[in-house]
Amino acid sequence: MPKDNRTTKRFLRSVFVRLYTTFGPQHWWPAESPFEVAVGAILTQNTNWKNVEKAINNLKERGLLSPERLYHLDKDSLARLIRPAGYFNIKAERLKSFIKFLIEEFDGKMENMHSCDLQYLRSRLLHVDGIGPETADSILLYALNRPIFVVDAYTKRFLIRHGIIESKADYSEIQSLFHHAIEPDPAIYNEYHALLVRLGKEFCKPKPLCEDCPVKPIGK
C-alpha cells in the first residue's frame, strides 16, 4: 500500500492505466449541451443516471431544456417534470437557483463562463443554493472542460480500501491527491473519474469483489 507522496502518485497513475486498459474509454458525460450537463449534475444527486435521463427527457419532450424556459417555468411544474429523479421538490429549488445564477450573472449562456478564472467560477458555483463541491466540479469538468478532478463516494471508498486515505478525509484532501498525481488535463480527469465510477459499480461495491478486481495486483 502507498506510504508516501511519491508512492501514492505512482499508484494513482498506475490505477488509471490499469482501469483504462481494462474498461476502455467511458464517453462521459452523456449530454447534448453544456447546459444539459449542468442540469444532469444537479439532478443526479442521490439517484442513479437512469432516473436522471427520464427527468431530462420529460423536459426535452416539452421543449423546456433551456435556461430561459426553465427560468420562467413555475417551480411546481418543474418539480412534476423532474419527479423521476427523486427529491423532486428540493431539486426543483436547486435547479431554479442555478438557472437564476446563470441568467443573472452570465446572461443565461454557459459559454459566457469560459472567460472566468477557474477558482473564481468554482467559488461562485459553491454559493448557489444546493450546489456542493461534487456538483460544482462536475459542472466545471464535464460542462466547461476545466481541469478539476471530481470526487465521489466511489472514489473515497476505493482509496480507503487501498490505504491511501483515512475515512475522515474530506473532499479537498482527496481531490488534491489527484491534482498532484495527474497532470491538469480535463480529458484525463474526465476519463479517470468515469473509470473509478465503473470500478465502484462493478467491483469495489459495498461488498467488494476483490478477487477479480483489475486493480488487485496494484494494491498488493
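Our subject in this report is the structure included herewith. A quick note: this is a predicted structure, and the numbers were derived from the prediction, not measured. (Residues numbered from 1 in each chain as written. Predicted model: local features only at pLDDT ≥ 70, side-chain atom pairs only at ≥ 80, totals over all residues. Heavy atoms only, no water.)

1. Details of the overall build of the protein chain
For step 1, the next point in the chain: Secondary structure summary: the protein chain contains twelve helices and zero strands in total.
For step 2, the next point in the chain: Listing every helix and strand of the protein chain by position from the N terminus yields α-α-α-α-α-α-α-α-α-α-α-α.
For step 3, the next point in the chain: The C-alpha radius of gyration of the protein chain comes to 18 Å, within 12% of the 17 Å expected for a compact globule of 220 residues.
For step 4, the next point in the chain: A burial count over the protein chain gives 47% of its 220 residues as buried.
For step 5, the next point in the chain: The long-range fraction of contacts in the protein chain, counting pairs at least 24 apart against all pairs at least 6 apart in sequence, stands at 62%.
For step 6, the next point in the chain: Carbon and sulfur atoms make up 49% of the accessible area of the protein chain, which totals about 11400 Å².
For step 7, the next point in the chain: Positive and negative charge centroids in the protein chain, built from 32 and 27 side chains respectively, lie 6 Å apart. (Helix = DSSP H or I, 4+ residues; strand = E, 2+ residues; numbered from the N terminus. Rg over C-alpha atoms; globule rule 2.2 N^0.38 Å. Buried < 20%, exposed > 50% of the residue type's maximum accessible area, 1.4 Å probe, protein only. Contact = heavy atoms within 4.5 Å. Areas by Shrake-Rupley, 256 points an atom, 1.4 Å probe, with all protein chains shown as cover. Lys, Arg positive; Asp, Glu negative; His and termini not counted. Charge placed at Lys NZ, Arg CZ, Asp CG, Glu CD.)

2. Remarks on the packing of helix H6 (residues 88–106) against helix H7 (residues 118–126)
For step 1, the next point in the chain: Running from amino to carboxyl end, H6 crosses H7 at an angle of 135 degrees, the nearest separation of the two axes being 11 Å. When the interaxial angle is binned, H6 and H7 end up oblique. Facing Phe 98, Phe 101, Glu 105 and Phe 106 of H6, the residues of H7 in contact are Leu 121, Arg 124 and Leu 125.
For step 2, the next point in the chain: Tallied by class, the residues present in the contact of H6 with H7 amount to five nonpolar, no polar and two charged. (Axes fitted to C-alpha atoms, helices over the stretch in contact; angles between N-to-C directions. Parallel < 35°, antiparallel > 145°, perpendicular 65-115°, else oblique. Nonpolar A, V, L, I, M, F, W, Y, C, P; charged D, E, K, R; others polar.)

3. Looking at unusual backbone geometry
For step 1, the next point in the chain: Cis rather than trans, the peptide bond between Trp 28 and Trp 29 has omega equal to 0 degrees.
For step 2, the next point in the chain: Looking at the element boundaries, Trp 29 is found in the loop between helix H1 (5–23) and helix H2 (34–43).
For step 3, the next point in the chain: The phi dihedral of His 27 falls on the positive side, at around 60 degrees, and the residue is not glycine.
For step 4, the next point in the chain: Structurally, His 27 can be placed in the loop between H1 and H2.
For step 5, the next point in the chain: On the basis of relative accessibility, which here comes to 66%, the residue His 27 falls in the exposed class.
For step 6, the next point in the chain: In this model, Asp 107 sits at a positive phi of 55 degrees, which is unusual for a non-glycine residue.
For step 7, the next point in the chain: Residue placement: Asp 107 occurs in the loop between H6 and H7.
For step 8, the next point in the chain: Among the residues examined, Asp 107 registers a relative accessible area of 53% and is labelled exposed.

4. Comments concerning the nonpolar core
For step 1, the next point in the chain: One finds Phe 98, Met 110, Ile 139, Tyr 192 and Leu 199 to be the most contacted residues of the largest nonpolar core, which totals 72 residues.
For step 2, the next point in the chain: Dropping the residues within four chain positions of it, Leu 199 is found in contact with Leu 19, Phe 23, Phe 158, Cys 204, Cys 213, Pro 214 and Val 215. (Core = buried A, V, L, I, M, F, W, Y, C linked by side-chain atoms within 4.5 Å.)

5. A word on the environment of Asn 58
For step 1, the next point in the chain: Secondary-structure assignment places Asn 58 in helix H3 (residues 49–61).
For step 2, the next point in the chain: Taking the C-alpha atoms as reference points, Asn 58 and Leu 78, 20 residues apart in sequence, are found 9.8 Å from one another.
For step 3, the next point in the chain: Look past the residues within four positions of Asn 58 in its chain and what remains in contact with it is Leu 81 and Pro 84.
For step 4, the next point in the chain: Among the polar contacts made by the side chain of Asn 58, one reaches the main-chain carbonyl oxygen of Leu 81 at a distance of 2.8 Å. (Polar contact = N/O pair within 3.5 Å; in protein donor to acceptor, adjacent residues only side chain to side chain.)

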